[in-house]
Amino acid sequence: MTILENEFLKVAIDAKGAQLTSLYNKETGVEQLWQADPNVWGYHAPNLFPIVGGLLNNELHVHGKTYSMNRHGFARQSDFILLDSDDAHAGFSLPHCEKTLAVFPYKFDFQVLYTLIENALRVTYKLINRDTKPVYFSVGGHPAFNVPFNAGEKYEDYYLEFEIQEKLEAHVLNADGLFSGEKHPVATPNKKLYLTRELFAKDALVFKNLQSRMVTIKSDKHDQTLSVEFPHFNYLGLWAKPGADFVCIEPWLGCADSAGEPKDITAKENIQKTVVGHVFEASFYISI
């Protein structure tokens, strides 16, 4: 386990999946990150690569060939290499290998970089193209935050505050985790979306046309907050296991397939492309 620490935060990262496993608020003494109860949901903050969401029939189509891949890709279950670390920074690498080439036919180096900057943790995704052709991929975060923050509070005391007052529409996922083509409005009076036990009964709320680039967890009972800022990500997922004491704020560059006919990876919605010799980089920030 790799530990980063400053006067505001102490964080822990596991090389398995390069996954953040602890986000400890030193000012309040609160563990802000969900602790991966295996009886509820056994992840803390998985990194999603090379796909985000589900694939039609769990199949990835690349240049006329078909590969089998489960929801959210293989990075979250892969062993990363620790590149470097000090008190404020750690970098992890997942290079291509025979195992990845068997399901994702590109040569790459996928890196997850963590940096403490005062009261914020910056999470950076980096994709280095090691191939002789463009690499197509999706990438995203899936951090789960403890709600409520403190003992004796209720889940319903909390709400998500969006950066901008806007008309939100969630894109509906079907029972297979694919977009159905339906949309429904999500009311956010005064930029607030109150958390309830029923909010995610039909899976995640996925926003594709969001203007806000920051979402903050707040409570009516105190002034403790946690914000996720995602300047480089144009899709956002919100999710919780029904009845569980957490909420996920998920910045995405990519998304699930839509129900219907399969598409080649080059035609997937919100797909990312890094050409030969180039490097992709995108960051989001978690701040207290």
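One structure accompanies this document, and this report is about it. The residue numbering used here restarts from 1 in each chain and proceeds along that chain's sequence as written. In keeping with the predicted nature of the model, local features appear solely for residues at pLDDT of at least 70, side-chain atom pairs appear and are counted solely at 80 or more, and the whole-chain, interface and lining totals rest on all residues. Side-chain numbers come from the whole structure's heavy atoms, not from hydrogens or water.

## Points about the pattern of salt bridges
Thought 1: Any carboxyl oxygen of Asp or Glu that lies within 4 Å of a side-chain nitrogen of Lys or Arg is treated as forming a salt bridge with it. For the structure shown, the criterion picks out ten salt bridges.
Thought 2: We note a salt bridge from Arg-130 to Asp-109, for which the minimum N-O separation is 3.7 Å. Pair noted here: Arg-130 is in the loop between strand S11 (120–129) and strand S12 (135–137) and Asp-109 is in strand S10 (residues 108–117), with a separation of 21 residues, a long-range link.
Thought 3: Classification of residues uses two cut-offs on accessible area relative to the type maximum, computed with a 1.4 Å probe and protein chains only: under 20% is buried, over 50% is exposed, and between them is partly exposed. For Arg-130, a relative accessible area of 48% translates into the label partly exposed.
Thought 4: By relative accessible area, Asp-109 is classed as buried at 7%.
Thought 5: A salt bridge links Lys-268 to Asp-257; the nearest nitrogen and oxygen atoms lie 2.7 Å apart. A residue pair is termed long-range when its members are at least 10 positions apart, and Lys-268 in the loop between strand S23 (246–253) and strand S24 (272–274) and Asp-257 in the loop between S23 and S24 qualify at eleven residues.
Thought 6: Classification of Asp-257 by relative accessible area gives buried; the value is 13%.
Thought 7: A single salt-bridge network, built from bridges that share partners, covers Glu-156, Arg-197 and Asp-245. Helix and strand definitions follow DSSP, with helices as H or I runs of at least four residues and strands as E runs of at least two, each counted in order from the N terminus.

## As for the packing of aromatic side chains
Thought 1: Under the pairing criterion, centres of Phe, Tyr and Trp rings, with the six-membered ring standing for Trp, must be within 6.5 Å; the plane angle then separates stacked pairs below 30 degrees from edge-to-face pairs above 60, leaving the rest tilted. On inspection of all chains with the given rule, the structure shows 23 aromatic pairs.
Thought 2: When the centroid spacing of 5.1 Å and the interplanar angle of 80° are considered together, the rings of Phe-137 and Phe-280 count as edge-to-face. Within this pair, whereas Phe-137 is found in strand S12, its partner Phe-280 is found in strand S25 (residues 279–287), the two being separated by 143 residues in sequence.
Thought 3: Residue Phe-137 is classed as buried on the basis of its relative accessible area, which comes to 1%.
Thought 4: Grouping aromatic residues by their ring pairs yields a cluster made of Phe-49, Phe-74, Phe-80, Phe-104, Tyr-106, Phe-108, Phe-110, Tyr-125, Phe-137, Phe-233, Phe-280 and Phe-284.
Thought 5: Whether a charge sits over a ring depends on NZ of Lys or CZ of Arg being within 6 Å of the ring centre and within 35 degrees of the ring normal. Across the ring face of Tyr-155, the terminal group of Arg-197 is positioned such that the distance to the ring centre comes to 4.3 Å.

## Observations concerning the sheet that holds strand S15 (residues 158–162)
Thought 1: At least two bridges found by DSSP between two strands are what make those strands a pair. Strand order across the open sheet formed by nine strands is S8-S9-S10-S11-S25-S21-S20-S15-S18, with antiparallel pairing between neighbours. Strands at the two margins of the open sheet, each flanked by one partner only, are strand S8 (81–85) and strand S18 (192–194). Neighbouring strand axes in the sheet, compared pairwise and without regard to direction, differ in orientation by 20° on average.
Thought 2: Bridge count for S8 against strand S9 (residues 89–95) is four bridges, and the pairing is antiparallel. Residue pairing for S9: Asp-84 is matched across the bridge by Gly-91. Axis definition: a line fit to C-alpha positions, over the contact stretch in the case of helices; interaxial angles, taken between N-to-C directions, run 0 to 180 degrees.

## What to know about the sheet that holds strand S4 (residues 30–31)
Thought 1: Reading across from one edge, S1-S2-S3-S4 is the order of the four strands in this open sheet, with antiparallel pairing throughout. In this open sheet, the two edge strands, each paired with only one partner strand, are strand S1 (2–5) and S4.
Thought 2: Pairing analysis gives two bridges linking strand S3 (residues 19–25) to S4, with the strands arranged antiparallel. Within S4, the residue paired with Tyr-24 across the bridge is Glu-31.

## Observations concerning the side chain of Thr-274
Thought 1: Structurally, Thr-274 can be placed in strand S24.
Thought 2: Judged by relative accessible area, Thr-274 falls into the buried class, the value being 5%.
Thought 3: The residues contacting Thr-274, other than those within four sequence positions of it, are Leu-127, Asn-129, Pro-134, Val-135, Phe-137, Val-279 and Phe-280. The criterion used for residue contact is that any of the two residues' heavy atoms lie within 4.5 Å.

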